[in-house]
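Here is how the chains run, residue by residue.
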Amino acid sequence: MAGLLLFQEDFVPYGMKPASDFNVIKTSREGVLRSVADDVSNLVGLTDNEIAYVLGMTPRNLHRIQAEKRLGTEASERLLLLRNVLLHALDTFEGKENTVRNWLRTPINELNDQSPLQLMDTITGFGLVDDVLGRLDYGLPA
């Protein structure tokens with residue numbers, strides 16, 4: 001979890017706050033350490049295949065990168081956006097990791113019958129998934 005402390009801005013109910021948009025841009029440009037991908041996947045127990053898919057690479061290529069090396073700008077941005085979505089989902093589902101994991105893998109009508117994970121291979125998809133979480137936060141149909 002040490003790598004995630006870089007992005008912690010204030011304390012919130014589950015101990016971490018999503019990175020601001022400008023922090024995502026700044027940190028993406030610098031590159032995120034490869035080890036942070038493991039920290040993010042451990043938030044809700046995502047598989048290596050799922051993390052690699054979201055980062056736009058194969059699991060094999062992801063594992064070839066040493067923990068102390070930095071990811072490229074695009075993979076770093078995706079990782080930070082994934083972290084923000086996971087923190088939002090943990091907040092929405094009251095910290096229940098199993099519920100978040102199942103929700104991420106379940107097709108949702110609002111997402112054109114795709115699962116949230118399926119859409120997070122694009123930057124636009126992250127926004128759509130976050131919008132669904134926002135509607136759930138306010139008790140609106142998602």
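Relevant structure appears above.
The rules we used
- Residues numbered from 1 in each chain as written.
- Predicted model: local features only at pLDDT ≥ 70, side-chain atom pairs only at ≥ 80, totals over all residues.
- Heavy atoms only, no water.
- Phe/Tyr/Trp six-rings, centres within 6.5 Å; stacked < 30°, edge-to-face > 60°.
- Helix = DSSP H or I, 4+ residues; strand = E, 2+ residues; numbered from the N terminus.
- Buried < 20%, exposed > 50% of the residue type's maximum accessible area, 1.4 Å probe, protein only.
- Contact = heavy atoms within 4.5 Å.
- 1 Å grid on protein atoms, 1.4 Å probe; cavity = no way out; pocket = protein on both sides within 12 Å on 5 of 7 lines; lining within 4 Å.
- Points joined across faces, edges and corners; volume = space filled by probe spheres on them.
- Nonpolar A, V, L, I, M, F, W, Y, C, P; charged D, E, K, R; others polar.
- Salt bridge = Lys/Arg side-chain N within 4 Å of Asp/Glu carboxyl O.

1. Thoughts on the packing of aromatic side chains
Both the distance between ring centres and the angle between the ring planes are used here to describe each pair of aromatic rings.
Logical step 1: This model, assessed by the stated rule, comprises one aromatic pair.
Logical step 2: Measuring from ring centre to ring centre gives 5.8 Å for Phe93 and Trp103, while their planes differ by 50°; the resulting arrangement is tilted. Of this pair, Phe93 sits in the loop between helix H5 (73-92) and helix H6 (97-105) while Trp103 sits in helix H6; the two residues are ten residues apart in sequence, bridging distant segments of the chain.
Logical step 3: Classification of Trp103 by relative accessible area gives buried; the value is 12%.

2. Comments concerning the environment of Leu79
Logical step 1: Mapped onto the fold, Leu79 is located in helix H5.
Logical step 2: Classification of Leu79 by relative accessible area gives buried; the value is 0%.
Logical step 3: Leu79 sits 42 residues away from Ala37 along the chain, and the two C-alpha atoms are 6.7 Å apart.
Logical step 4: Leave out the neighbours within four places in its chain, and Leu79 touches Val32, Val36, Ala37, Val40, Leu55 and Leu71.

3. Describing the layout of surface pockets
Logical step 1: In this structure, the largest pocket occupies an estimated 230 Å³ of space.
Logical step 2: Taken together, the elements giving at least two residues each to the lining of the largest pocket come down to helix H1 (21-30), H5 and helix H8 (123-137).
Logical step 3: Looking at which element gives the most residues to the lining of the largest pocket, the answer is H5, with five residues.
Logical step 4: Taken together, the residues of the lining of the largest pocket break down into seven nonpolar, three polar and three charged.

4. Let's talk about unusual backbone geometry
Logical step 1: The backbone phi angle of Asn112 is positive, close to 60°, even though this residue is not glycine.
Logical step 2: Counting through the fold element by element, Asn112 comes out in the loop between H6 and helix H7 (116-119).
Logical step 3: We classify Asn112 as exposed; its relative accessible area is 62%.
Logical step 4: Even without being glycine, Asp113 reaches a positive phi, approximately 60°.
Logical step 5: Looking at where Asp113 falls in the secondary structure, it is placed in the loop between H6 and H7.
Logical step 6: Classification of Asp113 as exposed rests on a relative accessible area of 52%.

5. Thoughts on the environment of Ser20
Logical step 1: Considering the arrangement of structural elements, one finds Ser20 in the segment before H1.
Logical step 2: With a relative accessible area of 32%, Ser20 lands in the partly exposed category.

6. Remarks on the pattern of salt bridges
Logical step 1: Under the counting rule described, the total for this entry stands at five salt bridges.
Logical step 2: Its salt-bridge partner being Lys26, residue Glu30 comes within 3.0 Å of it at the nearest N-O pair. In this pair, Glu30 and Lys26 are both assigned in helix H1, four residues apart and thus about one turn of the helix distant.
Logical step 3: For Glu30, a relative accessible area of 45% gives the class partly exposed.
Logical step 4: The partner of Asp38 in a salt bridge is Arg34, and the shortest N-O contact between them spans 3.0 Å. Residue Asp38 and its partner Arg34 are located together in helix H2 (residues 34-44), separated by four residues, close to a single helical turn.

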